[in-house]
Amino acid sequence: MDYKKIIKSQKMRFKILDLLKIVPDDIMIKTQYKIKLGRKLNLEQPNRFSEKLQWYKLNYRNNLLTKCADKYAVREYIKEKGLENILVENYGTFDKADDIDFDVLPNKFIIKTTNGSATNFICKNKAKFNKNEVLQTLNEWSGRNIFASGREWSYKGIESKIIVEELLEDKSNGFDGINDYKIMCFNGKAEFVVLDVDRNIGHKRNIYTTKWDRIDVSTDYPNINREIVKPQGLEEMIKIAEILSADFPFVRVDLYWVNEKVYFGELTFYPWTGYIQFHPDSFDYEMGKKFTYIN
């Protein structure tokens with residue numbers, strides 16, 4: 001069921017989810033799984049990757065998840081791992097949107113909330129940036145109950161803040177925006193690389209092995225319709241991903257390779273909120289086999 005077509009307003013969807021916060025987590029997750037994927041969720045003996053992510057939400061408790069899901073606090077974790085060099089420059093961290101001093105910011109930057117997904121604004125030219133509209137939306141986002149939307153435990157204790165960071169650009173890759181390398185790691189071992197491109201115009205996605213052999217599988221976005229050369233920094237990105245994932249049964253490590261340098265994106269513990277349909281469906285089971293923490 002495409003619930004977004006039924007309730008088109010994102011603001012309204014969040015209001016409904018906030019009202020449903022009294023529903024127990026396991027019941028809510030089972031209901032969402034059924035609505036979004038059209039099948040019953042097996043939490044007693046999960047075999048699929050999508051099922052094990054729901055189990056992960058409900059059962060795995062480690063305060064380090066909260067620190068690392070926080071887009072500002074995770075910077076300290078990166079430094080503790082000796083990888084400060086992969087962090088983008090932070091121009092400021094703010095408790096509320098109105099605290100942002102746009103006059104002191106460079107011409108290009110990206111604004112993010114510390115406790116959300118897809119809650120960001122990209123500024124490529126400050127003179128054309130609609131500051132008032134951005135501030136209004138940021139204030140709306142700050143009032144959202146992020147945990148209520150997908151019952152993602154790692155977000156539950158994060159204090160909502162706003163960060164402004166360096167905007168990475170790569171005009172040589174042939175796509176709109178930078179290539180996003182999402183490395184799926186299980187018990188500290190990288191197993192798959194998900195490549196997202198053209199995030200803002202015609203989002204496309206491929207999945208590869210860690211040797212850059214493309215896997216014949218698709219998700220809710222079409223495959224990239226041309227061959228993508230193995231990035232020169234792939235081995236370095238794999239190494240970094242395995243360092244950053246060593247403390248967790250599973251985490252997706254998002255990295256960028258821009259201007260011959262690796263940059264950190266984020267750590268994601270429940271990719272796509274766990275509600276993802278692979279084609280063929282068998283890949284859900286193949287991914288699930290890697291999630292050995294959950295027998």
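Residues numbered from 1 in each chain as written. Predicted model: local features only at pLDDT ≥ 70, side-chain atom pairs only at ≥ 80, totals over all residues. Heavy atoms only, no water.

Draft legend 1. Up close: the packing of helix H4 (residues 49–59) against helix H10 (residues 282–290). Where H4 meets H10, the axes come as close as 7 Å, and the angle between the chain directions of the two elements is 50 degrees. As judged from the angle between their axes, H4 and H10 are oblique. For the pair H4 and H10, the contacting residues are Phe49, Ser50 and Lys52 in the first and Asp284, Met287 and Gly288 in the second. A per-class count over the contact of H4 with H10 returns 2 nonpolar, 2 polar and 2 charged. (Axes fitted to C-alpha atoms, helices over the stretch in contact; angles between N-to-C directions. Helix = DSSP H or I, 4+ residues; strand = E, 2+ residues; numbered from the N terminus. Parallel < 35°, antiparallel > 145°, perpendicular 65-115°, else oblique. Contact = heavy atoms within 4.5 Å. Nonpolar A, V, L, I, M, F, W, Y, C, P; charged D, E, K, R; others polar.)

Draft legend 2. Structural view of the pairing of strand S3 (residues 120–123). Of the two faces of S3, only the one carrying Phe121 and Cys123 is buried; Asn120 and Ile122 on the other face are not. Sheet analysis places strand S2 (residues 109–113) next to S3, joined by 4 bridges and oriented antiparallel. Bridge pairing links isoleucine 111 to phenylalanine 121 in S3. Taken together, S2 and the strand that follows it, S3, pair antiparallel across an intervening segment of 6 residues, in which alanine 118 is found at a positive phi of about 60 degrees. (Buried < 20%, exposed > 50% of the residue type's maximum accessible area, 1.4 Å probe, protein only. Pairing = 2+ DSSP bridges.)

Draft legend 3. Spatial organisation of the layout of surface pockets. When its volume is computed, the second largest pocket comes out at roughly 340 Å³. Lining the second largest pocket are 15 residues, with Asp170, Asn173, Asn179, Tyr181 and Trp257 sitting closest to its centre. For the lining of the second largest pocket, the class distribution of residues is 6 nonpolar, 5 polar and 4 charged. (1 Å grid on protein atoms, 1.4 Å probe; cavity = no way out; pocket = protein on both sides within 12 Å on 5 of 7 lines; lining within 4 Å. Points joined across faces, edges and corners; volume = space filled by probe spheres on them.)

Draft legend 4. Here's a closer look at empty space enclosed by the protein. The full count for this structure, using the stated rule, is 1 cavity of 30 Å³ or more. In this structure, the largest cavity spans a volume of roughly 110 Å³. Lining the largest cavity are 14 residues, and of these Lys71, Val74, Glu165, Phe264 and Gly265 sit closest to its centre. Ranked by the residues each element gives to the lining of the largest cavity, the list is headed by strand S10 (residues 261–268), at 4 residues.

Draft legend 5. Layout of the sheet that holds S2. The 4 strands are arranged S1-S4-S2-S3 in an open sheet whose pairing can be described as antiparallel. Of all the strands in the sheet, the pair left with one neighbour each is strand S1 (90–94) and S3. Ignoring strand direction, the axes of neighbouring strands in this sheet form an average angle of 15 degrees. In terms of strand pairing, S2 meets strand S4 (residues 162–165) through 4 bridges, oriented antiparallel. Note that in S4 the partner of lysine 112 across the bridge is isoleucine 163. Running over the sheet, helix H7 (residues 131–142) touches S2, S3 and S4 and is turned about 160 degrees from S3.

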